[in-house]
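Inside the fold
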Amino acid sequence: MNFKLSEEQSMLKESVSRFIRERYDFDMRKEVMKLSEGYSRDCWATFAELGWLSIPFADEYGGLDGTIEDVAVVMEEMGRGIIVEPYIPTVVMFGQLLSLSRNELLKSEYIPKIIDGSCLGAFAFLERQARYEVTDIKTTGTLQGDHYRVNGEKAVVFNGGNADVIAITVRTGGQQCDRHGVTVLLVQSDTPGIETTSYQMMDGQMAANMVFKDVLIPHSNVLGTVDAGTELVEAVIPLVILASSAEALGVMTVLNELTVNYAKTRSQFGTPISSFQVLQHRMVDNFMAVEQSRSMLYRGLCTYADEEAYDQNERLRSLHAMKVVIAKSAKTVGEEAVQIHGGMGMTDDLNIGHYLKRLISITTLFGDADFHQKRFNELSYKT
Amino acid sequence: MNFKLSEEQSMLKESVSRFIRERYDFDMRKEVMKLSEGYSRDCWATFAELGWLSIPFADEYGGLDGTIEDVAVVMEEMGRGIIVEPYIPTVVMFGQLLSLSRNELLKSEYIPKIIDGSCLGAFAFLERQARYEVTDIKTTGTLQGDHYRVNGEKAVVFNGGNADVIAITVRTGGQQCDRHGVTVLLVQSDTPGIETTSYQMMDGQMAANMVFKDVLIPHSNVLGTVDAGTELVEAVIPLVILASSAEALGVMTVLNELTVNYAKTRSQFGTPISSFQVLQHRMVDNFMAVEQSRSMLYRGLCTYADEEAYDQNERLRSLHAMKVVIAKSAKTVGEEAVQIHGGMGMTDDLNIGHYLKRLISITTLFGDADFHQKRFNELSYKT
Amino acid sequence: MDVKFTREDLMFRDEVRAFFEEEYDFDLAKQVLNDKSDDYKSAIVAWQKKLHKKGWIAPAWPTEYGGSGWTVTQRYIFESERGRLGIPDAIPFGLKMVGPVIYTFGNQQQKERFLPRILSSDDWWCQGYSEPGAGSDLASLQTSAELVGEDYIVNGQKVWTTFAQFADWIFCLVRTSKEIRKQQGISFLLIDMNSPGVTVKPIITIDGKHSLNEVLFDDVKVPIENLIGEQDKGWTYAKALLIHERAGIAEVADSRSSLNSLKAQAAAETSGGAAIIEDPVFQMRLSDIETELMALEYTELRALASMADGGMPGPESSFLKIKGTEIRQAISELALQLVGYYGGALDSNLDPGVLGHDFASQARVNYMYGRAASIYGGSNEVQRNVIAKMVLGV
Amino acid sequence: MDVKFTREDLMFRDEVRAFFEEEYDFDLAKQVLNDKSDDYKSAIVAWQKKLHKKGWIAPAWPTEYGGSGWTVTQRYIFESERGRLGIPDAIPFGLKMVGPVIYTFGNQQQKERFLPRILSSDDWWCQGYSEPGAGSDLASLQTSAELVGEDYIVNGQKVWTTFAQFADWIFCLVRTSKEIRKQQGISFLLIDMNSPGVTVKPIITIDGKHSLNEVLFDDVKVPIENLIGEQDKGWTYAKALLIHERAGIAEVADSRSSLNSLKAQAAAETSGGAAIIEDPVFQMRLSDIETELMALEYTELRALASMADGGMPGPESSFLKIKGTEIRQAISELALQLVGYYGGALDSNLDPGVLGHDFASQARVNYMYGRAASIYGGSNEVQRNVIAKMVLGV
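**Observations concerning the interface of chain D and chain C**
The interface is formed by four residues belonging to chain D together with four residues belonging to chain C. In this assembly, chain D packs against chain C so that about 340 Å² is buried in total across both faces, 83% of it on carbon and sulfur atoms. Considering only the side of chain D, the residues that lose the most area to chain C are P280, V281 and M284 of chain D, jointly responsible for 85% of the buried surface there. If you look at where chain D meets chain C, you find zero salt bridges. Here chain D and chain C share zero residue pairs in polar contact (both at pLDDT 80 or more) between them.

**Some words on the relation of the copies chain D and chain C**
When chain D is fitted onto chain C, the two copies agree to an RMSD of 0.0 Å after a turn of 180 degrees and an axial shift of 0.0 Å. Here the copies are linked by what is in effect a two-fold axis. When the interface residues of chain D are mapped onto chain C, 100% of them again lie at the interface, so the same face is used by both copies.

**Remarks on the interface of chain B and chain C**
Between chain B and chain C, the residue contacts involve 48 residues of the former and 46 residues of the latter. In total, about 4,500 Å² of surface goes out of reach between chain B and chain C, with carbon and sulfur atoms giving 61% of it. A salt bridge links R317 of chain B to E290 of chain C; the shortest N-O distance between them is 3.2 Å. One can count 23 residue pairs in polar contact (both at pLDDT 80 or more) joining chain B with chain C. Of all the secondary structure elements, the ones that give two or more residues to the side of chain B that touches chain C are helix 7 (229-265), helix 8 (277-305), helix 9 (312-341) and helix 12 (369-380) of chain B. Here the element with the most residues in the side of chain B that touches chain C is helix 8 of chain B; it accounts for 18 residues. Tallied by class, the residues present in the side of chain B that touches chain C amount to 20 nonpolar, 13 polar and 15 charged.

**Regarding the packing of helix 8 of chain B against helix 9 of chain B**
Residues and elements named next belong to chain B. Packing of helix 8 against helix 9 brings their axes to within 8 Å, and their N-to-C directions diverge by 155 degrees. Between helix 8 and helix 9, the crossing angle belongs to the class labelled roughly antiparallel. The two elements helix 8 and helix 9 meet at a crossing, and its hand is left-handed. Tallied by class, the residues present in the contact of helix 8 with helix 9 amount to 14 nonpolar, nine polar and five charged.

Cut-offs used in this document
Residues numbered from 1 in each chain as written. Chains lettered and ligands numbered in written order. Predicted model: local features only at pLDDT ≥ 70, side-chain atom pairs only at ≥ 80, totals over all residues. Heavy atoms only, no water. Contact = heavy atoms within 4.5 Å. Buried area = accessible area lost by both parts, 1.4 Å probe. Salt bridge = Lys/Arg side-chain N within 4 Å of Asp/Glu carboxyl O. Polar contact = N/O pair within 3.5 Å; in protein donor to acceptor, adjacent residues only side chain to side chain. Least-squares fit on C-alpha atoms with pLDDT ≥ 70 in both. Helix = DSSP H or I, 4+ residues; strand = E, 2+ residues; numbered from the N terminus. Nonpolar A, V, L, I, M, F, W, Y, C, P; charged D, E, K, R; others polar. Axes fitted to C-alpha atoms, helices over the stretch in contact; angles between N-to-C directions. Parallel < 35°, antiparallel > 145°, perpendicular 65-115°, else oblique. Left-handed = near helix turned anticlockwise from the far one by under 90°.

Below you can see the structure in the form of structure tokens.
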């Protein structure tokens, strides 16, 4: 075991870090958020140039053949900048659904476009009633000839309004919450019958409400296997939560740094507030919370990667536990950052609140702390 | 609403308080605990003389016709002295089962003896498998002629070894966990077939394991109604938990006083440890925890007493919530007292650990925090 | 101990219940209470005027100044019913803050001039305490008031001023002399918000809303008759107010009302086809809060009862503030947890209809703005210091 | 990053597993491990001798002094297997405390004299640091050592000395001169427990057991060759040890083992006819702890890996101590909760057979003695102060 970054990882890390320093400080981020699309096409082009969009894709499509650890290194740095560009929706969600789909035609058509930055993706999985149950799907896909006719509504589709292509879960069989009978389809966003309402989330990311009315999607656009879409989705979720957990780690690290620095400079009662033991100990607890989070990220990465040493149960346990520890830490670290910044922490002008908002979004993604803890319990505690 | 003590209550309080000051300080308590019976007959005689044993009994049997509030006043003071004499087992558990039983013969026989101190009681309700479910009863009572033949085992019978008479729950009908089919019987402790193993608990109270082998108990010794013993037991439990919660309050109050005083006198790093802000805030939290506990005790007393203003659901909710708040406070207050006393808090010679032990026992009695919180939830949260 | 309600108490409960149900405009409240706009202000004022007409606007005031003359139990009942029905508390700045200062420390002329318009809600007040360099350490304030002839000339900057944008008057702590002990030399001044030289600048908070403001004073003339009590003694008045005003600070009724909403939403929202309120883990999260709230309700009642009995004011206001805000924050956190993905949706400009409901964005706003509760009015850290001093004696 | 086990790692895992299963006497352990008697001592020593024979007694020592020469991953594997099987750690006073001080700061003669007998467990060591007036503030210690000829004459009192009743030797911090800075003037002395003038007095703790002692020194003669390093520099050696010894302090494997026992009991104990481990609320209590423990396991691994890479020692030992003891205490609290009424039963003298099992009294003992974990070895408050200084720089 060794947690030192490889030379390549160090270079990636430094490249993201430099980008944020030079082109994406908090004021520049504010400008990006004001753009009508809610993200910067220029920045996205730079991501492509710097190779970040190619990391987890196979060599044969022009990818870097990188691992999820490599993605995590990039995501942690992106967290430090709370970058609003749709890296997770495009590269991790949509990109990995595609990568793991075995649909060679679609892969060779779209992966190169993701890598060169010309194609944005999204994954429409959430329905109003579903909460964190990804198999709770009412949207129907009815096979008619060589097309599926899709009807239904998807909510909070990350990057849905800007995406060129969308992966969508539809029910092709079974009952509303069944694992079986789910199919993942790829659809062009300009296909007739899709009504998209795009909006900005509290964390600056874009999302959309998407209504599908008699949308025709060719059978050849099936990602994975018909009716067995749940397996594909469940193969991609670990990658998403590993990547976003790394991002959360970046966010938390910055928050702690900012908070300690603020405490050292803010004076009350004639002394820096960092001299108050109560604040010291709470900042220590926040430091430990982030270190524990980093440990869980590493544990998640190690366990996920090592199919030889760990069975599936243990691999899932580690991922659920990772989400639990990081979500709890994020809550404490984010809220304490506001508290210790006092009134300043409450202002929309300062970055603190924005980091907190991103943390909340990340910890919600594919399930909050209680959700994952209950899954963990199911896998861990039996008579 | 008014929470000032009445004149009579103030006198009771002062009488217990003086007794502890003069005859039951921590060293004297140690001597009591060394007595072979684990309590002092002399002290018990004094309790009788001072009228404490008569409080909750009806005037016609020589009682003081007092309320549960009056008992609470006494119990809070007893908590300050962590008195090991079996007030709760005798006066509250056994005594109130008897009082509420409507069995006039038994009442006129035993209540005067409880009041004059010549009769100790116990309540045998717990079975090995039952945990906090008082209806989980395997011990059988089989009616034969005008006697019940009782077979089974009761564990952790408070004061079981010293009691002259024992109230016991037996199953006279239904299945193991049924509410119906439970009967409460009164039995002389010297009845043939009872095998008692008496021992001292960690908190200095005495308890016993009691095996019943073909014990014959006359039908006239039924307390309450045959097969409807659960109702009687459930009428007494609120009184027990109100009384013991008041005791816990006394214990916690003393612990906080002792801890703050210790912190003021113990010097480390050239200053009293009470000057450390982290300890200050934790002592403040402990102070607030005890005040919240007192509020819950009062809420419990008020709501329990006022059948006109509150329905049964609300009365039960208040009692469950009281147990929850007090159990949580007790854990924090007790453990923090040890922590702030440092190594000294760990020694068996000091009183701190003994107060902690009593708190643990009280919070376990008739259900711990999680147990009561789940009952509270059942009564509170529905679709 | 007197542990039961009297027959009169129960009749009063029915009267309060009936009044609330008949007079409060629940529909209007639903529309405007969350937008913090002028509609919000007028709805609040209209309701407060109804309470005033009924004689119930100022339960804690002495009857000679317009108080309702209730027993402690009646106040408890009024608050319980208010919480049960989800009716918001009156805006505190006039009724709970400057009003008591005026009737306690003001002169006859001030009482006659200001108290009636506070009771009738004709004047909207705001509080000018905090400054950029004086937050938890309030006594460090720098806004100066120099007596020139019959007027104070006020210069400086106040910050985090809630609803200054609606206010007719502001009560301010200002520095009137530079003594060595910084608590000395502070005066308590009432300033007309329409005075020349007063500027209000909005502060947008992390909920995306405008409740807070900076208030700038640039050579603002304040007539000397607007000084409360003696010059340089303002700290004493402000502190007396802080310790004396124990009711309300815990916001028990408001927490009760939020908790009721939360329960209703948890009964309606589902996960895996089952209502979330049926989830044993979510139930524990709820009752962790609800049991503490039940305790706090009685802690407040005990404080009121002790005050009514002539008990000395102790650290109760700090206690009630800490616990009250901790509970409010805990409720807002659980409410945000409940709405899941939807809590992050829709930052501001879009029709909540996109989500099919508005309670998710509302949960986010409450959570975000609620972070301030442990900061304002003396941070919870400072309140713990106060209790440490007053209770532990350290 | 290197995230997978190698084939060699997996083979090592099998070897450790096999060794533990064959050599450890699980039955004996069950009988004696909780009684803290002489049988306890001899069982411990017997097991440590087996580890020594295998070359695994001192994984962290440099190989030249008898260390096992493992990689970080091997140490991690060894600890994981130990925790999984519930095998206790070696007694730390010789192997993890005084041993490293001797091989780092001792002279050749001291190394030759003491290290082999530490490795072979022929000497039982105890630690003489705390004093009645010097707990968290260790540097205030007063036990004096005055050099008279070739001997130090030691006078004073140590307290909270674990297993002094078994010990052959005690390593002590003593005051050899009264400098202004109290950390100066402290020396590190090795004292034979059989020296005339040494008295051991038991301290019974709130678990009712005897693990701790007072150790009194009355004109005890200690030859000068038992001084480690230079006179008056003992504080430096003690502190270096504290920062350097990062492994083990978190007691991850022991917590894992306790958690496994707790799970087994929760699967066996019932409430309302159902196993307690099926209760969703109890499951949350369990996983609150288990997820933190999983994190801590990797925090320790990261600390080891960083040290193996030559990383500078930082605040890791404080971190591991705080989290490790918090987790151990949380487990003991939940274990006590699990046993309900039985946790309070049977104070000491009675056959646990009365209860039909012994794990309930054991749960109480663990809980009670476990309260000390956040006090000893530098209280958790002091550890947080250390991190504040080293990490936050305040």
